[in-house]
Amino acid sequence: MSTISKVRRVEIATPYPEGSVNAYILLGHPITLVDTGIRRPSGVMSIRCALQEEELSLQDIEQIIVTHMHVDHSGGVAEIQREVDVPVFVHERARPFLEGGIETFQRMEAYFQTFFSACQASGVSRRKRTYQEERWKRIHYLSDGDVLSAGEAAYQVLYVPGHSQTDICLFDKRTGDAFVGDHLLRDISANAFIEPPAPNEVARPKPLIQYRSSMERTEKLPIQRVYPGHGEPYVGHMDVIHKRFAEQEKRCHDIVKVLEQGEMSVFQLSQALFPKLEGEAIFLGLSEVQGHLDLMLERNWVEEHQVDEKMWYALK
């Protein structure tokens, strides 16, 4: 609990492997909901019940802040806005998702097919996605360094890309409270997902490199209490960051050991490291491997070359 305002955690069940997801109600003016859970009535019902225990209702929410555009965190926005005329704040990188329509969806899906082909995972890694229009209202786009009032406190907006291209943290300098979404999870090592280039950009982001830079930034902040997107609030963000850096170093060395056998594709490396992944979960392995290869290329540990739009990697 913050020394400035009361924070109510809402644990929302999901159908995903990580289990439940958190939304947070910041009590005090303005009453703020940080994240909304999944795109299901059951998720909104969990929020509604928590509000009732505080003698409040959905109509008392004055604003919504979304930490990132993954559906387990942003899915409930439209459902809530059907009942309440409430503004929603999200990072400006979410604009294509919210305004690009089916053209953006098709562009992204086409990119992923190209990525699977380059990884040599075409026909193996599957994405079962159908277009769902995001009908949000009263959208306010955030930039790094913005300040938002929420629950009697002033939160600095920190843009921390890596897990996604829309990730933000909310940091209260006075108390050290930080709402971090999936940027700093204590019990889960969050994926740094491969994503397509932004509109009008040619190169795709390098998410693991971004993620490491974002963690280096948050490591320097005097954060006291962390409110994560999954799991219970905790103290000790630097320990979590150091653990993640150590895990990433180990993964790089694991890839080196596999590449000692000779050059390989991203899919072959993923199969060697994560042989049990199948179906849609293969994408998780491809993202993990590609992210670490990006880092290893930057360090000059490996080299890549392209043959017929297929990418191959070998030790230097």
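Here the structure is a predicted model, which is why all the values come from computation and not from measurement. (Residues numbered from 1 in each chain as written. Predicted model: local features only at pLDDT ≥ 70, side-chain atom pairs only at ≥ 80, totals over all residues. Heavy atoms only, no water.)

Engineer: Before we move on, can you summarise the overall build of the protein chain with the specific residues and values?
Structural biologist: When its secondary structure is counted, the protein chain shows 9 helices and 13 strands. Against the globule reference of 20 Å for 316 residues, the protein chain gives a C-alpha radius of gyration of 20 Å, in line with a compact fold. Over its C-alpha atoms, taken along the principal directions, the protein chain stretches across nearly 65 × 40 × 35 Å. Contacts spanning at least 24 positions in sequence make up 66% of the contacts within the protein chain whose residues lie at least 6 apart. Total accessible area on the protein chain stands at roughly 14,500 Å², and carbon and sulfur atoms take up 49% of it. Here the protein chain carries 35 positive and 46 negative side-chain charges, and the mean point of each set is 2 Å from the other. (Helix = DSSP H or I, 4+ residues; strand = E, 2+ residues; numbered from the N terminus. Rg over C-alpha atoms; globule rule 2.2 N^0.38 Å. Contact = heavy atoms within 4.5 Å. Areas by Shrake-Rupley, 256 points an atom, 1.4 Å probe, with all protein chains shown as cover. Lys, Arg positive; Asp, Glu negative; His and termini not counted. Charge placed at Lys NZ, Arg CZ, Asp CG, Glu CD.)

Engineer: Explain helix 6 (residues 207–219) to me, and be specific about the residues and the numbers.
Structural biologist: Between its first and last C-alpha, helix 6 extends 18 Å over 13 residues, near the 18 Å set by a 1.5 Å rise per residue. All of the buried residues along helix 6 are P207, L208, I209, Y211, R212, S214, M215 and T218. The elements touched by buried residues of helix 6 are helix 7 (237–259) and helix 9 (282–298). (Expected span 1.5 Å × (residues − 1). Buried < 20%, exposed > 50% of the residue type's maximum accessible area, 1.4 Å probe, protein only.)

Engineer: Describe unusual backbone geometry, listing the residues and the values that go with them.
Structural biologist: With the exception of glycine, the majority of residues adopt a negative phi angle, and the majority of peptide bonds are in the trans configuration. Each neighbour pair has its own omega, and for H29 with P30 the value is -10 degrees, a cis peptide bond. Of note, the phi angle at E55 is positive, near 60 degrees, even though the residue is not glycine. On the secondary structure map, E55 appears in the loop between helix 1 (41–53) and strand 4 (63–65). With relative accessibility at 76%, the residue E55 sits in the exposed group. Of note, the phi angle at E309 is positive, near 65 degrees, even though the residue is not glycine.

Engineer: Before we move on, could you go through the sheet that holds strand 1 (residues 7–12) and cite the residues and values that matter?
Structural biologist: Pairing within the open sheet is mixed, and its 6 strands lie in the order 1-2-3-4-5-6. Whereas interior strands pair on both sides, the edge strands pair on one side only; in this sheet they are strand 1 and strand 6 (139–142). Taking the axes of each pair of neighbouring strands and ignoring which way they run, one obtains an average angle of 25 degrees across the sheet. With 6 bridges connecting them, strand 1 and strand 2 (residues 21–26) associate as antiparallel partners. (Pairing = 2+ DSSP bridges. Axes fitted to C-alpha atoms, helices over the stretch in contact; angles between N-to-C directions.)

Engineer: Any chance you could break down the layout of surface pockets for me, citing the residues and the numbers?
Structural biologist: Approximately 450 Å³ is the volume attributed to the second largest pocket. Lining the second largest pocket we find 19 residues, and of these A118, R204, E304, M311 and Y313 sit closest to its centre. Those elements that place two or more of their residues in the lining of the second largest pocket are helix 5 (101–119), helix 9, strand 12 (302–307) and strand 13 (310–315). Here the lining of the second largest pocket gets 6 residues from one element, more than from any other, and that element is helix 5. Taken together, the residues of the lining of the second largest pocket break down into 9 nonpolar, 4 polar and 6 charged. (1 Å grid on protein atoms, 1.4 Å probe; cavity = no way out; pocket = protein on both sides within 12 Å on 5 of 7 lines; lining within 4 Å. Points joined across faces, edges and corners; volume = space filled by probe spheres on them. Nonpolar A, V, L, I, M, F, W, Y, C, P; charged D, E, K, R; others polar.)

Engineer: Tell me about the nonpolar core, and name the residues and values.
Structural biologist: Judged by nonpolar contacts, the single largest core of 50 residues is most densely connected at F115, L269, L286 and L293. For this core, the secondary structure elements donating two or more residues are helix 5, strand 9 (168–171), strand 10 (177–181), helix 6, helix 7, helix 8 (266–273), helix 9 and strand 13. If one sorts the elements of this core by residue count, helix 7 sits on top with 8 residues. Non-local contacts of L293, meaning those with residues more than four positions away in its chain, are made with I255, V266, L269, V302 and Y313. Of all hydrophobic cores here, the second largest spans 30 residues; its members include I12, I47, V90 and A94. (Core = buried A, V, L, I, M, F, W, Y, C linked by side-chain atoms within 4.5 Å.)

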